[in-house]
Amino acid sequence: MRKIIALEFITLDGIMQAPGGTEEDISGGFKYGGWTVPYFDDFAGKVMGEQMAGYSDLLLGRTTYEIFAGYWPHHANGWPGINEVKKYVVSHDSSIKLDWENSVLLDGDVIEKVKKLKDEDGPNLHVYGSGNLLQTLFKNDLVDEFWLKIFPITLGQGKRLFAGGTIPAAFKLKDSKVSPSGIIFANYERADEVKTGSF
């Protein structure tokens, strides 16, 4: 059985929109695209390299897929093996062009198809970006781990990681690091059920 791991850049107030570039996603009038860039240094690059290394398949929403497909096929030296891994693309638009090698469309009953993927043997499924897809995965309790990059900034507006809410779930910290610029790298995995108590 494979895990679904969400690897996300977020602000302190939970914004995940357009972390990597000014024109990445300007929907809703978002004007802070590229908010991660000033904080990146060699330390952050090393941690990101470790997270991107190894073999995992990708599970992506349409918008993130199109951004990735426009960049990574031509810069594969920055992400070794990225062209060879399987890319599962969730989209309601069956006319989407899947020109990037090893890309497969998931449409129709996406939840059942994702559950089937999880039940198969194979590498874990990494989700980058893909905000709309994540909301669907959260509501159906399909995310096993979060690898969060939390930046010391608040933006007040934009697409949020947990915009559509979640189900009750407990997580435990697997690994954490802090960069000199203040980025918190925190990896969480599912734990037991939510527990409550009183002081």
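Before reading on, note that the structure itself is shown above.
Residues numbered from 1 in each chain as written. Predicted model: local features only at pLDDT ≥ 70, side-chain atom pairs only at ≥ 80, totals over all residues. Heavy atoms only, no water.

Draft legend 1. Layout of the side chain of Glu 189. Structurally, Glu 189 can be placed in strand 8 (residues 184–190). With a relative accessible area of 19%, Glu 189 lands in the buried category. When residues no more than four places from it in sequence are discounted, the contact partners of Glu 189 are Lys 3, Asp 144, Glu 145, Ala 170, Phe 171, Lys 172 and Lys 174. (Helix = DSSP H or I, 4+ residues; strand = E, 2+ residues; numbered from the N terminus. Buried < 20%, exposed > 50% of the residue type's maximum accessible area, 1.4 Å probe, protein only. Contact = heavy atoms within 4.5 Å.)

Draft legend 2. Region of interest: the nonpolar core. In terms of nonpolar packing, the biggest core is built from 29 residues, with Trp 35, Leu 58, Phe 68, Trp 72, Trp 79, Ile 82 and Tyr 128 touching the most fellow members. When residues of this core are assigned to their parent elements, the largest contribution, four residues, is made by helix 1 (residues 42–52). What Trp 79 contacts, discounting residues up to four positions off in sequence, is Met 52, Leu 58, Phe 68, Trp 72 and Tyr 128. Tyr 88, Val 114, Leu 117 and Val 127 belong to the second largest nonpolar core, which has 24 residues in total. (Core = buried A, V, L, I, M, F, W, Y, C linked by side-chain atoms within 4.5 Å.)

Draft legend 3. Quick peek at the environment of Ile 184. Here Ile 184 shows up in strand 8. Residue Ile 184 is classed as partly exposed on the basis of its relative accessible area of 35%. C-alpha of Ile 184 to C-alpha of Gly 81: the two residues are 103 residues apart in sequence and 26 Å apart in space. Dropping the residues within four chain positions of it, Ile 184 is found in contact with Leu 148, Lys 149, Ile 150, Lys 177 and Val 178.

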